[in-house]
Amino acid sequence: MDDLPPPMPAARDIIRLEPLGEDRFRAHRNLDNLIGVAFGGQLLSQALTAAQATVPEWPANSLNGYFLRAGRLDEPMDFTVTRCHDGRRFAVRRITAMQGERAVFEMSCSFHQSENTEAIHQSDSLGPQPDPETLLSLKDFAVAYKDRLPARAVSIFGKDFPIELRLVDPDGFFRSDQPFREFWFRLRDRGGPLSASKQQALLAFISDYSLPAPAGPAPNGDRKAQGFVSLNHSMWFHAPVDPGGWLFHRSSSPWAGCGRGLLRGHIFDGTGQLVATTAQEALLQGA
């Protein structure tokens, strides 16, 4: 009998960590990305979960991570948390992710005891957008555009993944003169009710999905030959949100050059509230 693919994990299983001792944790679940290494959003969410276990019930207000090496899919990920600061309203943590003796990921994050839950201003707006239920799923996109996509992209996009994504403009995926992308996304299976801290960790998980795509075409001008390696990822949390509901991510690239691209993104909920801002630098690789 042929081996069956492993079942898609529920979202909460991705951030389930095993305590190893004081401020040390292990994650046993790895998810691959388009280039066959650990998905960056997995590292963000697991590192944030490890940090959350060392602070009071305060929400994270920001994080900044650096991807040091490609994460292997066949080894557990160990996280060590350093308590950098504990104040009256803020706490800061540094987290290192290791596989064996290899440092894979480094992240710092800040937690804040919120003082007011109402936004003072919001200059970015969602604007009129199509209903996500009317748009192609990523799997349907892979089928409809299989002749224009690399074979590995068709294979990856056709797999079940904890994140469901709906592209607003599928044809824009292939245009080299469009340094932005807009899409709806959500978690497929939360695995049951989630605490506020787990919701934040899983928002970090989905924030990395498709973020680098608008950075620019490959050097030969063929976008379908483009590959990306995330170098770093920053995120600011503005409001609580359930990542199991539809969220809108508008990502754009204000600059690309020297083999790198700078990305920034805004995540809105269905009501148009800005719930998070993202930024990333990616290495651009022609396939």
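Before reading on, note that the structure itself is shown above.
Residues numbered from 1 in each chain as written. Predicted model: local features only at pLDDT ≥ 70, side-chain atom pairs only at ≥ 80, totals over all residues. Heavy atoms only, no water.

A. Quick peek at unusual backbone geometry. The backbone of Asp-23 sits at a positive phi, close to 60°, despite the residue not being glycine. On the secondary structure map, Asp-23 appears in the loop between strand 1 (17-21) and strand 2 (24-27). Residues other than glycine seldom take positive phi values, yet Cys-258 does so here, at roughly 55°. Position of Cys-258 among the secondary structure elements: in the loop between strand 10 (247-257) and strand 11 (260-269). (Helix = DSSP H or I, 4+ residues; strand = E, 2+ residues; numbered from the N terminus.)

B. Spatial organisation of the pairing of strand 5 (residues 90-99). Pairing geometry for strand 4 (residues 77-86) and strand 5, over eight bridges, is antiparallel. Residue pairing in the sheet places His-85 in a bridge with Val-92 of strand 5. In textbook terms, the turn of a hairpin is the stretch between consecutive antiparallel strands, and for strand 4 and strand 5 this stretch comprises three residues. Direction of pairing for strand 5 relative to strand 6 (residues 102-112): antiparallel, over a ladder of 10 bridges. Among the inter-strand pairings, Met-98 is bridged to a residue of strand 6, identified as Ala-103. Two successive antiparallel strands, strand 5 and strand 6, enclose a turn made up of two residues, where Gly-100 displays a positive phi of approximately 65°. (Pairing = 2+ DSSP bridges.)

C. Geometry of the packing of aromatic side chains. All chains considered together, the criterion is met by 10 aromatic pairs. With 4.9 Å between their ring centres and 40° between their planes, Phe-141 and Tyr-145 make a pair best called tilted. Just as Phe-141 is buried, Tyr-145 falls in that class too. Measuring from ring centre to ring centre gives 6.3 Å for Phe-141 and Phe-157, while their planes differ by 45°; the resulting arrangement is tilted. Note that Phe-141 is positioned in helix 3 (residues 138-144) and Phe-157 in helix 4 (residues 151-157), a separation of 16 residues in sequence. The buried category is assigned to Phe-141, whose relative accessible area is 1%. You can call Phe-157 buried: its relative accessible area is 14%. (Phe/Tyr/Trp six-rings, centres within 6.5 Å; stacked < 30°, edge-to-face > 60°. Buried < 20%, exposed > 50% of the residue type's maximum accessible area, 1.4 Å probe, protein only.)

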